[in-house]
Amino acid sequence: IAGSATVIMTNPIWVVNTRVTTYKSEVDSDLEPGVYHRQPRRPSTMATLMKLLQTEGPQALFSGVMPALVLVINPILQYTLFEQMKNALETRRKVTPAIAFFLGARGKLFATSVTYPYITVKSQMHVASGTGRKEGMSQTLNRVVREEGYAGLYKGIGPKVTQSVLTA
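Calculation rules
Residues numbered from 1 in each chain as written. Predicted model: local features only at pLDDT ≥ 70, side-chain atom pairs only at ≥ 80, totals over all residues. Heavy atoms only, no water. Helix = DSSP H or I, 4+ residues; strand = E, 2+ residues; numbered from the N terminus. Expected span 1.5 Å × (residues − 1). Buried < 20%, exposed > 50% of the residue type's maximum accessible area, 1.4 Å probe, protein only. Arc of directions from axis to C-beta. pLDDT = per-residue confidence, 0-100. Polar contact = N/O pair within 3.5 Å; in protein donor to acceptor, adjacent residues only side chain to side chain. 1 Å grid on protein atoms, 1.4 Å probe; cavity = no way out; pocket = protein on both sides within 12 Å on 5 of 7 lines; lining within 4 Å. Points joined across faces, edges and corners; volume = space filled by probe spheres on them. Phe/Tyr/Trp six-rings, centres within 6.5 Å; stacked < 30°, edge-to-face > 60°.

Caption draft 1: Examining helix α6 (residues 137-148) more closely. When the terminal C-alpha atoms of α6 are compared, their 16 Å separation across twelve residues agrees well with the 16 Å that a helix rising 1.5 Å per residue should span. Of all the residues in α6, the buried ones are T140, R143 and V144. Here the buried residues of α6 occupy an arc of 100° about the axis, which is enough to place them on one side. Positive phi shows up at G149, right after α6, with a value of about 80°.

Given below as structure tokens:
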């Protein structure tokens, strides 16, 4: 319940953050090749938020919320696996902090590997809503598989797993 509440409250922040980091200038496509053009300034976070609210409305702040709610299962998987491995190991030996670290890392590796396609879908939904495409979770999932194959669902998993495991 806490994870779901957090998702609902923070999803607007992630939508705006994704828009800011994936911003492409509207004049980029109109530029003459080979001629130096001064790059327009990237809009601020607040400017991005205001434009999003004006052009797409408040509901745009919740694009990608369904995959994010699905991702609440990630820590559930992580801690369940960790506890099961820890309990099994404790019958044979003492669980040291180092062993607990590795069990936690394994749990996080498993949970992130299982839920990573939803991370991809969530990001794609944030970006798609900024291009005028209105896609639900299943449409986005199908589009990614159609355009990039199943490997597209795992694009960028290496850095994410590394970051997640070390953080856990």
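Caption draft 2: Quick look at the environment of I73. Relative to the assigned elements, I73 resides in helix α4 (residues 73-90). Along the primary structure I73 and G3 are separated by 70 residues, whereas in three dimensions their C-alpha atoms are 8.9 Å apart.

Caption draft 3: A look at the confidence of the model for the protein. Summarising the model, the protein shows a mean pLDDT of 86, and 86% of its residues fall at 70 or more. Of all the helices and strands in the protein, helix α3 (residues 65-70) carries the lowest mean pLDDT, 83, while α4 carries the highest, 95.

Caption draft 4: The environment of N11, seen in detail. Residue placement: N11 occurs in helix α1 (residues 2-21). Exposure remark for N11: the relative accessible area of 1% places this residue in the buried category. Among the polar contacts listed, one links the side chain of N11 to the backbone oxygen of S63, at a separation of 3.1 Å.

Caption draft 5: Structural detail: the layout of surface pockets. If you add up the space inside the largest pocket, you get close to 950 Å³. Contributing to the lining of the largest pocket are 29 residues, with W14, L71, I119, K122 and K160 lying nearest its centre. Going through the elements one at a time, α1, α4, α5 (97-130) and α7 (157-167) are the ones with two or more residues in the lining of the largest pocket. The biggest single contributor to the lining of the largest pocket is α5, with ten residues.

Caption draft 6: Inspection of the packing of aromatic side chains at higher detail. Tallied over the entire structure, the rule returns two aromatic pairs. Note on F101 and F102: the rings are 5.2 Å apart at their centroids and 80° apart in plane angle, and the pair reads as edge-to-face. Residue F101 is classed as partly exposed on the basis of its relative accessible area of 41%.

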